[in-house]
Amino acid sequence: MSNALSNRIQSLPVSQTLAMAAKARELKAEGRDIISLSLGEPDFNTPDFIKDAAIEAINQDYNSYTPVDGYVELKEAICEKFKRDNNLTYAPNQVVVSTGAKQSIANVAQVLLNPGDEVLLPAPYWVSYSAIATLCEAKFTEIPSSIENDFKITPEQLEAAISPKTKMIFFNSPNNPSGTIYSEEEYRALAKVLEKHPDIYILSDEIYEHINYGTKPFSFAAIESMYDRTITVNGLAKAFAMTGWRIGYIGAPEWIAKACTKMQGQITSGTNCIAQRAAITAVKASPEKVQYMVDEFKNRRDLVLQLLGEIDGFKLNVPEGAFYVFPDISDFFGKTIQGKEIKNANDFSMLLLEKANVATVTGEAFGAPNCVRLSYAASELQLREAIKRIKEVLS
């Protein structure tokens, strides 16, 4: 009966990151010793001070429906966080709390995009951006980059990509999958281009902001000329190891926030009450309280770069944030390895899964067909073993 399904769902691709994770679980269930470097999920536990706040909320009998756009105390705490960390001034009526940053992004896209509108995606980009645009019946246009320029686009590229149908551009810094961080100077240069196109809106996804290794990310909305056109997206999943708690939020012009609340009110309504009470504590906390995770991620990044650097054919740069490396592996294209011809990044990723028992994600999913993504949100022991296996298969 698949022909009874809507065109909408049939046009939607399966998330490659989730698909690879599912394939890895399937092989694990068959008894294969799979090391998964495919999912973007911290391998730390949620900090105790946040868990304690959730327990307290349960004991205080928080169990009712929550306001669609979030508890006012949480929205006030988010406004304080925006000021403290990003030098952004938002009022509570400009903030909407959602079930994860993915819902935040989907809300924004749904309320701004019409069929036929165009979304610009600097590549590489998170896999769901293109899918969300497709779901809105919008077109998406990739702006390519390469490892040679640290996966950053230039103002000239941005100008050339803009068309009369361009309605939005999605920025993500620190970036998933590359770990790239745009500097204030680089963002201001891109903003100069966008100043000439006042009908284009900017979604700035800053979910990895606290996972940086010395280069502090800059918020796009902090550029005065861009504030009224930028939607700042953030959440607690990555920095606070709260992926399953599902808390995301936006800071936006009030009219966009109101539209997102209206949209959310007809889909999920308000976010989980206990997770929101815990989120108040998390958002109010100094980023220094989770610095121990960032320090560990940095150590792992350095280890992975060192070990991958010992394998011929991996072209590497040094990611400044997030917890991924995104090597260019195009040197392997056209070769036959362990009886498998490597025509593209998909083939390479499947080779590593089938022959090395290591799950990665093809760069094709991120608009970067010469690369693969490896997450180093895994123990040092697992990382050493995974790269040892990869080296053995490729040699």
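Read on for a plain summary of the structure. Since we're looking at a predicted model, the values are computed, not measured.

What follows is about the sheet that holds strand 13 (residues 361-362). As a general point, the strands of a sheet are linked pairwise by backbone hydrogen bonds and lie either parallel or antiparallel. Sheet architecture is open: three strands sit in the order 9-14-13, paired in antiparallel fashion. Since the sheet does not close on itself, it has two edges, and those belong to strand 9 (324-325) and strand 13, each with one partner.

With that settled, consider empty space enclosed by the protein. The final tally for this structure, using the stated rule, is three cavities of 30 Å³ or more. Within this model, the largest cavity holds a volume of roughly 100 Å³. Surrounding the largest cavity, 15 residues form its lining, Pro122, Pro124, Asn172, Asn175 and Tyr182 being those nearest its centre. Ranked by residue count, the leading element in the lining of the largest cavity is strand 5 (residues 166-172), at three residues.

A few words now on the packing of helix 4 (residues 72-86) against helix 10 (residues 273-284). As a packed pair, helix 4 and helix 10 sit with axes 9 Å apart at the nearest point and diverge in direction by 20°. The orientation of helix 4 with respect to helix 10, classified from their angle, is roughly parallel. The two elements helix 4 and helix 10 meet at a crossing, and its hand is left-handed. Of the residues in helix 10, those in contact with Glu73, Leu74, Ala77, Ile78, Glu80, Lys81 and Arg84 of helix 4 are Gln276, Arg277, Ala279, Ile280, Val283 and Lys284. Per-class residue counts for the contact of helix 4 with helix 10 are six nonpolar, one polar and six charged.

With that settled, consider the layout of surface pockets. Put simply, the largest pocket is a space of about 550 Å³. Broken down by secondary-structure element, the contributors of at least two residues to the lining of the largest pocket are helix 2 (16-29), helix 5 (101-112) and helix 6 (127-135). No other element matches helix 5, which puts three residues into the lining of the largest pocket.

Here we take up the packing of aromatic side chains. Considering all chains together, one arrives at 23 aromatic pairs under this definition. Geometrically, the ring pair formed by Phe171 and Phe220 is tilted, given 5.1 Å between the ring centres and 40° between the ring planes. Residue Phe171 is found in strand 5, and its partner Phe220 is found in the loop between strand 6 (201-205) and strand 7 (230-235); the two are separated by 49 residues along the sequence. For the pair formed by Phe171 and Phe220, the shared burial category is buried.

What counts, and at which threshold
Residues numbered from 1 in each chain as written. Predicted model: local features only at pLDDT ≥ 70, side-chain atom pairs only at ≥ 80, totals over all residues. Heavy atoms only, no water. Pairing = 2+ DSSP bridges. Helix = DSSP H or I, 4+ residues; strand = E, 2+ residues; numbered from the N terminus. 1 Å grid on protein atoms, 1.4 Å probe; cavity = no way out; pocket = protein on both sides within 12 Å on 5 of 7 lines; lining within 4 Å. Points joined across faces, edges and corners; volume = space filled by probe spheres on them. Axes fitted to C-alpha atoms, helices over the stretch in contact; angles between N-to-C directions. Parallel < 35°, antiparallel > 145°, perpendicular 65-115°, else oblique. Left-handed = near helix turned anticlockwise from the far one by under 90°. Contact = heavy atoms within 4.5 Å. Nonpolar A, V, L, I, M, F, W, Y, C, P; charged D, E, K, R; others polar. Phe/Tyr/Trp six-rings, centres within 6.5 Å; stacked < 30°, edge-to-face > 60°. Buried < 20%, exposed > 50% of the residue type's maximum accessible area, 1.4 Å probe, protein only.

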